[in-house]
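Per-entry structural report
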Amino acid sequence: MSDTSPAYSSPAFSSVSSPADARPAVVLDVWCELQCPDCRAALGDLRALRERYGDRLETRLRHFPLEKHRHAFAAAQAAEEALVQGQAWPYVEAVLARVEELDREGEPLLVEIAGELGLDAEEFDTALIDGRHILIVDADQAEGKAIGVTGTPTYVIGGELLDGGKSQEGLRGRIEEIADRLLAEQA
């Protein structure tokens, strides 16, 4: 994947020891489900936001697996393993590009994608079996429910919740308005 991919982090792995001035000025939480066609469609907007703001906007993937997608919870765990292995966003994009295939093939596809990206596929398989990332996914989902996330993608920026699960029309513009305001307030 190219260097223009959005930065990806997970709140559970955020660096606590970073100096305040090294942290991005604005955080965009993206509540996503890796078996969701709407989340796949949102990737273009996320790329455009990354191009516009660079490291002034931290894009954090937040997991919100939906019950209607039987492999979404495993995909969220796999994304966390990709983060540990240093290839989170390329992995997320690769999985989202194959949502229909994921529906048919399930967890073996998650491991296959890891191998295709040069990640340790055996470690992915082990992580999915031992459940080492379950608590991160559970915490994200619980937080999402607590703040009113009902579908994906949903964005939270500057304390404002923007529901892209119903319509993505105009959302990138609204995110840009909020980001511009927050950046101006910090200047």
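A few points on the structure. Along each chain, residues carry numbers from 1 onward, in the same order as the chain's sequence is written. Per-residue local features are limited, in this predicted model, to residues with pLDDT of at least 70; the limit for side-chain atom pairs, both in listing and counting, is 80 or more; totals at the level of whole chains, interfaces and linings are taken over all residues. With hydrogens and water excluded, all non-hydrogen atoms of the structure serve as input to the side-chain values.

What follows is about the sheet that holds strand β2 (residues 57-63). Read across the open sheet, the four strands follow the order β2-β1-β3-β4; overall the sheet is mixed. One side of each edge strand has no neighbouring strand; the edge strands of this open sheet are β2 and β4 (160-163). Adjacent strand axes in the sheet meet at a mean angle of 20 degrees, parallel and antiparallel pairs treated alike. The rule for pairing is simple: two strands pair if DSSP sees at least two bridges between them. Secondary structure is summarised from DSSP: a helix means a run of H or I of at least four residues, a strand means a run of E of at least two, and numbering begins at the N terminus for each. Where strand β1 (residues 26-32) and strand β3 (residues 154-157) come together, four bridges link them in antiparallel fashion. Paired with Val 30 across the two strands is Tyr 155, which belongs to β3. Only the stretch in contact is used when fitting a helix axis, every axis being a line fitted to C-alpha atoms; angles between N-to-C directions are given from 0 to 180 degrees.

With that settled, consider the side chain of His 133. Residue placement: His 133 occurs in the loop between α6 (121-130) and α7 (134-147). Here a residue-residue contact requires only that any non-hydrogen atoms of the pair lie within 4.5 Å. Those residues in contact with His 133, other than ones at most four positions away along the chain, are Gln 77, Glu 80, Glu 81, Val 84 and Ala 127.

Salt bridges are defined by distance alone: a side-chain nitrogen of Lys or Arg within 4 Å of a carboxyl oxygen of Asp or Glu. For the structure on display, the rule yields 19 salt bridges. In this structure, Arg 52 engages Asp 180 in a salt bridge whose closest nitrogen and oxygen atoms are separated by 2.7 Å. On the criterion of sequence distance, the pair formed by Arg 52 in helix α1 (residues 37-53) and Asp 180 in helix α8 (residues 171-186) is long-range, its members being 128 residues apart. In the salt-bridge network here, residues are joined through shared partners; they are Asp 29, Arg 60, Arg 62, Asp 140 and Glu 143.

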